[in-house]
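Here are the chains, one letter per residue:
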Amino acid sequence: MGITTPARDPVFKPGDVIEGRYRIIREIGSGGMGTVYLTEHVLIKRRLAIKVLHPEFATDADVIERFMNEARAVGTLGHPNIVESTDMGFARDEMPYIVFEYLEGSALSDEVYRLQGLPVRRALKIAHQIASALEAAHAAGIIHRDLKSDNIFLTHRDEVPDHVKVLDFGISRFGEAEQVSRGGGGRASLAMGTPEFMAPEQVTNPDSVEERTDIYA
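Model, not experiment: these values are computed from the prediction.

> Quick question: what am I supposed to make of the sheet that holds strand S4 (residues 47-53) here?
Strand pairing within a sheet occurs via backbone hydrogen bonds; the two strands may be parallel or antiparallel. What the six strands build is an open sheet, ordered S1-S2-S3-S4-S6-S5; its pairing is antiparallel. Unpaired on one side and paired on the other, strand S1 (17-18) and strand S5 (85-90) mark the two borders of the sheet. Alignment of strand S3 (residues 34-41) against S4, held across seven bridges, turns out to be antiparallel. The residue of S4 that forms the bridge with Val 36 is Lys 51.

Written out as structure tokens, the structure reads:
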């Protein structure tokens, strides 16, 4: 779940328990904002994924806000093609974390590279599910802003392959709230996203980002 970054000292190790509920099994991966761990709920024994904000960002209000935006986005949408968030809280040293459903499968990018492309019928099936997820997000006033093949996960559902889960709403924009903030004299937005997937206006005028930015990606 995300691009790996230079090695950090692990915040948690196998066997550690977060807030008395989630036992760490192993690290899954690390991205720009946080580290993702495979965990097990100590009571119900369900396996879950937990993303913990990197310690160096624990006092950065802007990063914490973006991190919380991810929990807010996926926790409220409840769409079958958007990764489900079930809980959030603060681990040791006030580091925020988000609990997600644990997914088994592969990123769309890995599958494309493995096969050197996808058959048209399969690509359309995947694209249709991505569009459905975007429709739900946009209807709720949420713009993803970093939609890319690394953030599309393919898993099985009821034995049916290629069930899509859209991941990583960490830099999503919440339309109404941010429009009010900008109207009140807030500072200009910074360009955020992955260059290969960014619409031109996302680079030249980040404040103009809207639903069509995700469609372009």
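> It is not clear to me how the environment of Val 11 should be interpreted in this structure. Could you clarify?
Take Val 11: it is sitting in the segment before S1. Sequence spacing of Val 11 and Pro 55 is 44 residues, and the spatial spacing of their C-alpha atoms is 7.9 Å.

> I would appreciate a short explanation of the confidence of the model for the chain in the present structure.
It should be kept in mind that the predicted coordinates are not to be read in detail where pLDDT is low. Summary statistics for the chain give a mean pLDDT of 84 and a share of 87% for residues scoring 70 or more. Within the chain, no element has a lower average pLDDT than helix H4 (residues 175-183), which sits at 45, and none a higher one than helix H3 (residues 120-139), at 96. Here residues 1-5 is a poorly scored stretch, pLDDT under 50, and it has eleven contacts once near neighbours within four places are set aside; other chains count. Below a pLDDT of 50 lies the segment residues 176-188, which in the model reaches eight contacts outside its immediate sequence neighbourhood of four places, other chains included.

How each quantity is defined
- Residues numbered from 1 in each chain as written.
- Predicted model: local features only at pLDDT ≥ 70, side-chain atom pairs only at ≥ 80, totals over all residues.
- Heavy atoms only, no water.
- Pairing = 2+ DSSP bridges.
- Helix = DSSP H or I, 4+ residues; strand = E, 2+ residues; numbered from the N terminus.
- pLDDT = per-residue confidence, 0-100.
- Contact = heavy atoms within 4.5 Å.

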